[in-house]
Amino acid sequence: MNNRLNQVRVESKKHYDIMLEHNKLGVLAKVVSQGYNSNRALLIVDEWVHHYHRDWVVKNLNNHFNYLSTYVVPSGEKSKNMTQFGRLLSWVLEQPVERNTPILVMGGGVVGDLGGFVAASALRGMPLIHIPTTLLAMVDSSIGGKTGINHTSGKNVIGAFYQPEIVFSDTQFLQTLPQKEWMNGLSEILKYGFIKDPDIFSLIDQAFTKENSKNPEKWSEIIHRSAQIKAEIVSEDTLEKGIREYLNFGHTFGHAIENIADYGTFSHGEAVFAGMYAACLASEMFLGNQVDKSILHDYAKHHHFSLQSLRNRIPELISQMQKDKKVKNQHIRLVLLNAIGVPVGFTVEKPDVLKPIWQNTIAYFN
Ligand SMILES: NC(=O)c1ccc[n+]([C@@H]2O[C@H](COP(=O)([O-])OP(=O)(O)OC[C@H]3O[C@@H](n4cnc5c(N)ncnc54)[C@H](O)[C@@H]3O)[C@@H](O)[C@H]2O)c1
């Protein structure tokens, strides 16, 4: 683990660095063009990122690549599908590329997952450079090598583990990130506080003061610490056979909320936020561990949303949890806390025990 503030190392079978900079895209372009001895590159970019940052991006990349072809991916989860994947693959294969031509994938988790899977598949694997542009992608989705797309049978069910060569987070991108997208990243950062490092809670408090709330530079320390935590976990368990499940804290409850309420009613961040509250309650009820939820109380005040529409739908929420990808031998699998920073896997033998957890959670988010 490299502890310089702007760099984190992921120690999987293949090592790669996560670089964290502000307004330094040209540095990345230089590193990549020299590292791959390539004056050509492909850029797969999110529609809104292209809209806001096109001139800055092109100026920085054009200085280092003679040939740069760009594919703009329509914004939103719906782009993570077979059609878009097929179009992108055809586009890559029509370009004058070789196996070592780097593919720069610039966007949030949607474009990261989709573009990463394209890089994994074209010519049996081309160098993938992740350039995450949302807070969530910087602290979570660009790290760890999960790539893929959705299918009518489920979310993220087609894909591959494919590690990038570099993850380059430039906080310059965060300047245009819409308000509602910050919550998605924030929930994952809070999750790192619960499962690994409660000190992150005070960092968030400092960054979230009125003056700093959207100042990307103030977020650097939090992004760095979060990336470090994710890197530590995925380095130890690249293929999700053990401790990587801790990253799922709050998510089994959260996915049920997202599903039952129809995707889009609640953001992923809101659903996971409520899911973490439920997981804290479950830790108290099933393990007898008191968990300090005050950080959730604080942020619930600032980011108000109501779960009241789900009040009569608890049986559906529970049966949705039984369909979760993480179910083992038909039993719901939860990540609970022995204490803050000490997560533990827990198998739910009788789903009905979840009823009071849901009742209390829904009552809390009124
Ligand atoms: N691979 C993993 O390990 C992993 C982990 C968590 C989540 N995910 C996936 O990530 C996806 C969610 O990612 P997300 O929250 O980043 O959403 P997203 O990629 O849809 O981006 C959110 C929105 O912000 C816009 N946007 C992106 N960057 C911007 C910028 N700098 N300025 C202005 N607008 C910008 C996008 O166009 C989009 O409308 C989901 O598909 C989820 O499954 C993957």
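Right, let's walk through the structure included here. (Residues numbered from 1 in each chain as written. Predicted model: local features only at pLDDT ≥ 70, side-chain atom pairs only at ≥ 80, totals over all residues. Heavy atoms only, no water.)

### Things to note about the sheet that holds strand E6 (residues 128-132)
In a beta sheet, neighbouring strands pair by backbone hydrogen bonds and run either parallel or antiparallel.
Item 1. One open sheet holds the seven strands; their spatial order is E1-E2-E9-E6-E5-E3-E4, and the pairing between them is mixed. Since the sheet does not close on itself, it has two edges, and those belong to strand E1 (7-11) and strand E4 (67-73), each with one partner. The mean angle between the axes of side-by-side strands here comes to 15 degrees, regardless of whether they run parallel or antiparallel.
Item 2. Here five bridges tie strand E2 (residues 15-21) to strand E9 (residues 166-170), and the two strands are oriented parallel to one another. Counterpart to Asp17 in the pairing with E9 is Ile166.
Item 3. The strands touched by helix H1 (residues 25-35) are strand E5 (103-107), E6 and E9; relative to E9, the strand with the most contacts, the crossing angle is about 165 degrees.
Item 4. Sitting on the sheet, helix H4 (residues 109-121) is in contact with strand E3 (40-46), E4, E5 and E6, with an inclination near 165 degrees to E5. (Pairing = 2+ DSSP bridges. Helix = DSSP H or I, 4+ residues; strand = E, 2+ residues; numbered from the N terminus. Axes fitted to C-alpha atoms, helices over the stretch in contact; angles between N-to-C directions. Contact = heavy atoms within 4.5 Å.)

### Considering the packing of aromatic side chains
Item 1. Scanning all chains against the criterion turns up 16 aromatic pairs.
Item 2. Each ring, one from Tyr364 and one from Phe365, has its centre 5.0 Å from the other, and the planes form 90 degrees; the classification is edge-to-face.
Item 3. We classify Phe365 as buried; its relative accessible area is 3%.
Item 4. Clustering of aromatic rings is evident, with ring pairs tying together Phe266, Phe273, Tyr277, Phe305, Tyr364 and Phe365. (Phe/Tyr/Trp six-rings, centres within 6.5 Å; stacked < 30°, edge-to-face > 60°. Buried < 20%, exposed > 50% of the residue type's maximum accessible area, 1.4 Å probe, protein only.)

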